[in-house]
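Coordinate inspection notes
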Amino acid sequence: MKKICVIAEEDLSTSRQKRLLDLLYGKFMLTGIGLEAVPYKDIEILSYPHVIKRNAEQEAELERNVAKKDYMKLVKIPNRMIIEKYLQERIFDAIFCKDLVLLPFVIENRKNAKVIMDCREYYPGEQGDERWKRLFAGFNDWLCQTYLPQADYVYSVSQGIAEEYTKNYGIKCDVITSAAYYFAPPHIICPFQRNRTNQTHLSRNGITRERH
């Protein structure tokens, strides 16, 4: 049975991540890597901790790293470093990467795995305050330029977002929408429709019914 990994910068119990795990469950040997991830079914779930809030000195260091475009220091922060160990100790046939900031870890430790990148949003154009734009807009653009072309398959949730990735980064980006599961609606006869049907039937037999 092929081995599949799903990695995300959030808990894997969120609806989007759990939906993918449910889709793959029973068909593949699964490993999930997530932020403060909790056990789910009998899947191997590996967790890493939340980042510790930066102090003033660390915030200044962040500013310096951005100014120098030393972006890898924004990727490989202490709370994420255990991800490298998780990936180095395992061999997968495919890895679903659900967050752009984790893609460098996946690409560097993929071995022979196929890498599938979920670009559910247009990362360089995320909405944020002036601080976010100053620190992270260029960082996300660098991640896209450097790592998206190295993924084996990239998809997004809408045609517009997919076209932006293709136009700006020269990659093929397919569309897989985040549509809800399909449930066939129950067959219900509208009371007004039933009355019209009865009226037509009675009229054909020479009986009329007064409408109210």
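The structure this text deals with has already been given above.
Quick caveat: nothing in here was measured; it's all calculated off a predicted structure.

Remarks on the nonpolar core
The biggest cluster of nonpolar side chains holds 46 residues, and the ones touching the most others in it are I33, L103, M117, L148 and Y165. Among the elements that line this core, the one with the most residues is helix 6 (residues 130–147), at 7 residues. Every residue in contact with Y165, bar those within four places of it in the chain, is listed here: C119, E121, Y122, Y123, P124, C144, L148, G170, I171 and C173.

Considering the sheet that holds strand 3 (residues 44–48)
Across the sheet, which stays open at both edges, the 7 strands sit in the order 3-2-1-4-5-6-7 with parallel pairing between neighbours. Lying at the two open borders of the sheet, with one neighbouring strand each, are strand 3 and strand 7 (173–175). Strand-to-strand, the axes of this sheet are offset by a mean angle of 20°, without reference to chain direction. Along the sheet, helix 1 (residues 15–24) contacts strand 1 (3–7), strand 2 (29–35), strand 4 (94–97) and strand 5 (114–118); its crossing angle with strand 1, the most-contacted strand, is approximately 175°. The strands touched by helix 4 (residues 81–88) are strand 1, strand 2, strand 3 and strand 4; relative to strand 3, the strand with the most contacts, the crossing angle is about 155°.

Some words on the pattern of salt bridges
Tallied over the full model, the rule gives 18 salt bridges. Between K76 and E84 there is a salt bridge whose closest N-O contact spans 2.9 Å. For K76, a relative accessible area of 27% puts it in the partly exposed group. A salt bridge links E108 to K76; the nearest nitrogen and oxygen atoms lie 2.9 Å apart. Here the residue E108 occupies a position in helix 5 (residues 103–108), and K76 occupies one in the loop between helix 3 (72–75) and helix 4, the gap between them amounting to 32 residues. The partly exposed category is assigned to E108, whose relative accessible area is 40%. Each of E44, K85, E89 and R90 takes part in a single network of salt bridges with overlapping partners.

Brief notes about the packing of aromatic side chains
Geometrically, a pair of aromatic rings is defined through the distance of the ring centres and the angle of the planes. Applying the stated rule across the entire model yields 9 aromatic pairs. Ring plane angle 85° and centroid distance 5.8 Å describe the contact between W142 and Y147, whose orientation is recorded as edge-to-face. When its relative accessible area of 7% is taken as the criterion, Y147 is described as buried. Among the aromatic residues, ring-to-ring pairing joins Y71, W132, F136, F139, W142 and Y147 into one connected group.

What about helix 2 (residues 56–67)?
Between its first and last C-alpha, helix 2 extends 17 Å over 12 residues, near the 16 Å set by a 1.5 Å rise per residue. Taken together, the buried positions of helix 2 are L62, N65 and V66. Relative to the axis of helix 2, the buried residues are bounded by an arc of 100° and lie together on one face. Seen from the open side of helix 2, the exposed residues pointing more than 90 degrees away from its buried face are A56, E57 and A67. The secondary structure elements touched by the buried residues of helix 2 are helix 3 and helix 6. Residue N55 occupies the N-cap position of helix 2, its side-chain oxygen lying 3.1 Å from the main-chain nitrogen of E57.

Quick notes on the rules
- Residues numbered from 1 in each chain as written.
- Predicted model: local features only at pLDDT ≥ 70, side-chain atom pairs only at ≥ 80, totals over all residues.
- Heavy atoms only, no water.
- Core = buried A, V, L, I, M, F, W, Y, C linked by side-chain atoms within 4.5 Å.
- Buried < 20%, exposed > 50% of the residue type's maximum accessible area, 1.4 Å probe, protein only.
- Helix = DSSP H or I, 4+ residues; strand = E, 2+ residues; numbered from the N terminus.
- Contact = heavy atoms within 4.5 Å.
- Pairing = 2+ DSSP bridges.
- Axes fitted to C-alpha atoms, helices over the stretch in contact; angles between N-to-C directions.
- Salt bridge = Lys/Arg side-chain N within 4 Å of Asp/Glu carboxyl O.
- Phe/Tyr/Trp six-rings, centres within 6.5 Å; stacked < 30°, edge-to-face > 60°.
- Expected span 1.5 Å × (residues − 1).
- Arc of directions from axis to C-beta.
- Polar contact = N/O pair within 3.5 Å; in protein donor to acceptor, adjacent residues only side chain to side chain.

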